[in-house]
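Below are the chains, spelled out letter by letter.
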Amino acid sequence: MENQMAVGVCRLENYQMEAVQEAVDRQFAQLSLDRLIKPTMRITLKPNLLMKRKPEDATTTHPSIMQAIIRHLKALGVPAGNITIADSPGGLYNHPAVFGIYASTGMQAVADAEGVNLNDDYSTIETACPNPVRAHSFPLIQPVAAADLVISVCKLKTHCMTGLSGGVKNLFGTLPGLTKPDYHWRYPEKADFCNMLVDLCETVRPGITFCDAVESMEGDGPSSGTKKHTGMLLCSESPYLLDLVLCRVMCKEESEILTVKAARDRGICTLKKEEVPLVGDPLRTFDDFKQPRSVTTDFLSKVPGPLRTVCRPIVDRFLTTRPSINHKMCVGCGKCAESCPAHTIRIENHKAYIDRKNCIRCYCCHEMCPIHAITVKQNRLLKL
Ligand code: SF4
Ligand code: SF4
């Protein structure tokens, strides 16, 4: 089934509404996606919101793409009341926290303009994973678990832990708020964590995945990287195929993007990135797409389990990148401590401090710091 699907490519140079609408409509047409939509469906749109950022920061899914998808669904006869925008960004999952992010990222304005729902239900539904490797079930946020169709709208960004914040990783935001650090704690090895993300993807099973690759993020993503113009809107029924094509866009091997590697190892998606069928415009690729400093440093990923345990302290001491706090910048807001699964960050005199011996290098703190006061610091040996 995976092999029969394609990834649609549309050149899109900016977020001007008319151009975005044309690209979204073209994706529905060239991938024959209208067949998946029925007017009676409850449809949930899952953007990547992450934190309070403005649309032009390239950290979050741009609101114009959400608006164009909603307009297309309405044109197919889906009532606005059946459409919900929902995400569980980093941090607390409650009305003040989530609606603050909906406002800053432009989702509130889209919902107001189009009359669709912004999720305000913070309950969860435990949902079984059909083919689990790491996690047998997940507490999905209610509008995702109860939807007839989930449309995931991710953003092309690098990710300090997984390499890519694309179609599969976007679904981490279907788990409620502060349960997310628990998953980092349960699966501190990157390979295990990424297998858990594939379990989650198999559980959510988004019917359509769009990727906002107009203004993307390279370097220390998903929140502290730099904006990169890539000028495309991508789409597929398969989040795995979409991520494979994102590997091509970033000129990365499948083995370098750990969610892609996990899906391939499990036989879910066996195509090579060059074999994924493309429709639409020619794909743009970028051989200068900068990866996060942390990604090249999982030296133990190929070492068998028992030996890995023995080698870990040595590698940790001499060869591993670490989060580092710039105390001149830190304002003591506590967002890093709140998101730390190892509970190894303390706030003293309005400054954050990391007890490094307990750090599992998940980089949640780096991801959640609102003012980029946490950097990924390379060991001197790695700079040689
Ligand atoms: S490091 Fe960043 S997130 Fe942590 S307390 Fe300081 S400003 Fe807040
Ligand atoms: S200090 Fe940062 S990188 Fe280390 S465990 Fe805590 S959140 Fe993860």
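Residues numbered from 1 in each chain as written. Chains lettered and ligands numbered in written order. Predicted model: local features only at pLDDT ≥ 70, side-chain atom pairs only at ≥ 80, totals over all residues. Heavy atoms only, no water.

*Asks:* Explanation requested: the site of ligand 1 in the structure shown.
*Replies:* Taken together, 13 residues form the shell around ligand 1, and within it Cys330, Cys333, Gly334, Cys336 and Cys369 come nearest. Class assignment of the residues belonging to the shell around ligand 1 gives a composition of 10 nonpolar, two polar and one charged. (Near = heavy atom within 4 Å. Nonpolar A, V, L, I, M, F, W, Y, C, P; charged D, E, K, R; others polar.)

*Asks:* What exactly am I supposed to notice about helix H3 (residues 95-104) here?
*Replies:* Side chains of residues three or four places apart in an α-helix project in the same direction, reflecting 3.6 residues per turn. Considered for burial, the residues of H3 that qualify are Val98, Phe99, Gly100, Ile101 and Tyr102. If you follow the buried residues of H3, they end up packed against strand S3 (83-85), helix H4 (107-114) and strand S4 (117-118). Where H3 begins, one side-chain oxygen reaches toward the backbone nitrogen of Ala97, 3.1 Å away; that side chain belongs to Asn94. Backbone geometry just after H3 places Gly106 at a positive phi near 90°. (Buried < 20%, exposed > 50% of the residue type's maximum accessible area, 1.4 Å probe, protein only. Helix = DSSP H or I, 4+ residues; strand = E, 2+ residues; numbered from the N terminus. Contact = heavy atoms within 4.5 Å. Polar contact = N/O pair within 3.5 Å; in protein donor to acceptor, adjacent residues only side chain to side chain.)

*Asks:* Hey, could you run me through the domain arrangement of the protein in this one?
*Replies:* One widely used convention gives an interface's size as the accessible area the parts lose upon coming together. Taken domain by domain, the protein comprises domain 1 (2-280) and domain 2 (295-383). Relative to domain 2, the C-alpha centre of domain 1 lies at a distance of 26 Å. Contacts between domain 1 and domain 2 engage 22 residues on the former and 19 residues on the latter. At the boundary of domain 1 with domain 2, total buried surface from both sides reaches about 1900 Å², with 60% on carbon and sulfur atoms. Ranking the residues of domain 1 by area buried against domain 2 places Cys160, Trp185 and Glu189 at the top, with a combined share of 25%. At the boundary of domain 1 with domain 2, the tally comes to zero salt bridges. One can count three residue pairs in polar contact (both at pLDDT 80 or more) joining domain 1 with domain 2. Counting residues per element, the side of domain 1 that touches domain 2 draws most heavily on helix H6 (residues 180-186), which supplies three residues. (Domains from an automatic or database assignment. Buried area = accessible area lost by both parts, 1.4 Å probe. Salt bridge = Lys/Arg side-chain N within 4 Å of Asp/Glu carboxyl O.)

*Asks:* What is the right way to look at unusual backbone geometry in this model?
*Replies:* Backbone geometry follows two general trends: most residues other than glycine have a negative phi, and most peptide bonds adopt the trans configuration. Between Gly221 and the following residue, Pro222, the backbone shows a cis peptide bond with an omega angle of 15°. Backbone geometry places His372, a non-glycine residue, at a positive phi of 55°. A relative accessible area of 34% places His372 in the partly exposed class.

*Asks:* Sorry if this is basic, but what is going on with the site of ligand 2 here?
*Replies:* The immediate surroundings of ligand 2 are formed by 14 residues, with Cys340, Cys359, Cys362, Tyr363 and Cys365 found nearest. Partitioned by chemical class, the residues of the shell around ligand 2 number 12 nonpolar, one polar and one charged.

*Asks:* For this particular structure, what's the right way to read empty space enclosed by the protein?
*Replies:* To locate leftover empty space, one rolls a probe as large as a water molecule over the atoms. This model, assessed by the stated rule, comprises three cavities of 30 Å³ or more. Looking at the largest cavity, its volume works out to about 280 Å³. Every residue lining the largest cavity is counted, 26 residues in all, and those nearest its centre are Leu50, Lys169, Phe172, Lys180 and Glu367. Broken down by secondary-structure element, the contributors of at least two residues to the lining of the largest cavity are strand S7 (149-159), H6 and helix H12 (364-368). Residue composition of the lining of the largest cavity, by class: nine nonpolar, 11 polar and six charged. (1 Å grid on protein atoms, 1.4 Å probe; cavity = no way out; pocket = protein on both sides within 12 Å on 5 of 7 lines; lining within 4 Å. Points joined across faces, edges and corners; volume = space filled by probe spheres on them.)

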